[in-house]
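One-letter residues, chain by chain:
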Amino acid sequence: MQKHPHRREFFSWIRYGLGGAALASLLVRDGVARAAAVPDEARDACPHFPPKANQAVHICLCGAMSQIDTFDYKPKLFELHGKAPSFSERPDVFFGQVGLLRKPDWNFKQRGKSGLWVSDLFPHVAEVADELTVIRSMYAETSNHTPATFQENTGFRLNGFPVLGAWLSYGLGCETDDLPAFVVIPDAREYPAGGSINWSNGFLPARHQGVVMRGKGRPIDDLFPARPVAKGADAAARELLETMNRQHIGERGDNDALSARIRSYELAAKMQTAVPEVTALTSESSATRELYGLERPESADFGRSCLIARRLLERGVRFVQLFSGGTFGSPRRNWDGHEDMLLNHSQEALRIDQPVAGLLRDLRQRGMLDDTLVLLTTEFGRTPFTQSAANTVGKGRDHNQYGFSVCLAGAGLRHGIAYGATDDIGWKAVDKPTHWNDFHATVLHLLGIDHERLTYYHNGIQRRLTNVHGQAIKGILA
């Protein structure tokens, strides 16, 4: 099967003739075609060693998916359902209510040839369990959604730091020059808590900020003129703008903000052609549309986002980030199941289950999963006891920073395995506890980057995604 035809079009002109096609073929044969069309800016040039993956898609489940209702099977909870938890000290939970223990709201089964435990909440994802690598021993440093989401994306609980996608844009550049290196597709309902901070470049050069592309409606604001423009007028305006920018730089010197703005205009001109192509889902077959759940109203929104993500990856975008869930209003539009886990998680899982499984199947059958990394994460997990009075089995669960699960799939991983463990009731990570610094170090490792060498000098220190901690998780690497 032919893999990644877009790799052989890493400069736009290559697609326009036999000579370009012949050159591209030679470059692929000689292993040169991975060179970025838009180069990186890292001080210590990346990749540092041969990568297993060359691109990634990151699905963020905002609001905290419950590990004990999805990927962390705890038979003890069925036995202890309705009993008081026995802790040496009262758990410190976000809303301060520690109710009785509650069994999972969905049955678990061992799936695929690997026998990986996955609950009935994700019937479609369960069918591709052999593709999954589950880390069951994640822990975070806060149970507050917004700083926990910052840490999930940047390694730090405070804002102002670059997110993973920005670091990858900075370190690896982009394999296409007509689309951004880092694209963000928010939930069709609304932005996550913290808004655009979740795809910030932080202190990195401004060009590495994530570019928002909607999965529903107009993909990008202001990409095209609001009214028709006479033939040649647009080119003339761009030429004038370029002359003025060069004059400004000549008189006052270059600066990051102006350079980023110039590059954004240059990129926007190319995106006027590329974006309509990448978002034209009518060109996809009916089988593919069905695979992603586009024909079902419950999953159509997220299905479009996942299908656009695949099309972006095909065209050389380095990192695509999808958000499932918005802010914390009422009714809930995210995974924050305080009031009723069964109602909340059923609603959110129905939106993403088929699209996520469809994305994995589609990447696999196209040969793309061999060099693509898929991440499915949530900022923390949920408690095994209910958020209710001490003598009550309530319907909801509170936040749990002490032990939760995330999933990976794709290049360079051992598939169909679970790494680490929480205790008997799924409360705290006890075997191979894994911090976000370790998770980020592993992602960088799979993309050929030594996390200690990808740095940027800021405020007197060489900053990095993993702060001063973290190590790649060898137990999940193939």
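Placed above this text is the structure.
Engineer: Describe the overall build of the protein chain, with residues and values.
Structural biologist: A tally of regular secondary structure across the protein chain gives 11 helices and 16 strands. Residues classed as buried in the protein chain amount to 55% of the 478 residues present. In the protein chain, the share of contacts with a sequence separation of at least 24, taken over all contacts with a separation of at least 6, comes to 77%. Within the structure as shown, the protein chain displays about 20300 Å² of accessible surface, and the carbon and sulfur contribution to it stands at 51%.

Engineer: Tell me about the sheet that holds strand β1 (residues 55-61), residues and numbers included.
Structural biologist: Within a beta sheet, neighbouring strands are joined by backbone hydrogen bonds and run either parallel or antiparallel to one another. Spatially, β6-β5-β7-β1-β8-β11-β4-β12 is the arrangement adopted by the 8 strands of the open sheet, whose pairing is mixed. Edge positions in the sheet fall to β6 (211-212) and β12 (417-419), since each of these pairs with one other strand and no more. The pairing of strand β5 (residues 182-185) with β6 spans 2 bridges and is parallel. What sits directly across from V183, in β6, is V211. Lying over the sheet, helix α10 (residues 341-365) contacts β1, β4 (132-138), β7 (319-324), β8 (372-378) and β11 (404-410), oriented at roughly 170° with respect to β1.

Engineer: Tell me what's going on with the nonpolar core, and back it up with residues and numbers.
Structural biologist: Membership of the largest hydrophobic core comes to 52 residues, with the highest contact counts inside it found for F71, F122, L312, V320 and L322. Other than its neighbours up to four places away in sequence, L322 contacts V57, H58, I59, C60, I185, F302, S305, C306 and A309. With 49 residues, the next largest nonpolar core counts A53, A140, A166 and L454 among its residues.

Engineer: With reference to specific residues and values, describe helix α5 (residues 164-172).
Structural biologist: Of all 9 residues in α5, 9 are buried; the element is thus mostly enclosed. Among the residues of α5, those classed as buried are L164, G165, A166, W167, L168, S169, Y170, G171 and L172. A positive phi of about 70° marks G173, the residue just after α5.

Engineer: Can you lay out the environment of A418 for me, pointing to particular residues and giving the numbers?
Structural biologist: Along the chain, A418 turns up in strand β12. In this structure the C-alpha to C-alpha distance between A418 and F71, which are 347 residues apart in sequence, comes to 8.9 Å. Here A418 is in contact with L116, V134 and R136, once residues within four sequence places are set aside.

Engineer: Please provide a residue-by-residue account of the pattern of salt bridges, values included.
Structural biologist: Considering all chains together, one arrives at 33 salt bridges under this definition. R361 is paired through a salt bridge with E127; the nearest N and O atoms lie 2.9 Å apart. Here the residue R361 occupies a position in helix α10, and E127 occupies one in the loop between α3 (123-126) and β4, the gap between them amounting to 234 residues. On the basis of relative accessibility, which here comes to 33%, the residue R361 falls in the partly exposed class. The residue D301 makes a salt bridge to R304 at a minimum N-O spacing of 2.5 Å. Taken together, the residues D301 and R304, both in helix α9 (residues 300-314) and 3 residues apart, mark about one turn of the helix. Take R304: its relative accessible area is 22%, and that puts it in the partly exposed class. Taken together, the shared-partner salt bridges in this structure form one network comprising D187, R189, K216, D301, R304, E348 and R351.

Definitions and limits used
Residues numbered from 1 in each chain as written. Predicted model: local features only at pLDDT ≥ 70, side-chain atom pairs only at ≥ 80, totals over all residues. Heavy atoms only, no water. Helix = DSSP H or I, 4+ residues; strand = E, 2+ residues; numbered from the N terminus. Buried < 20%, exposed > 50% of the residue type's maximum accessible area, 1.4 Å probe, protein only. Contact = heavy atoms within 4.5 Å. Areas by Shrake-Rupley, 256 points an atom, 1.4 Å probe, with all protein chains shown as cover. Pairing = 2+ DSSP bridges. Axes fitted to C-alpha atoms, helices over the stretch in contact; angles between N-to-C directions. Core = buried A, V, L, I, M, F, W, Y, C linked by side-chain atoms within 4.5 Å. Salt bridge = Lys/Arg side-chain N within 4 Å of Asp/Glu carboxyl O.

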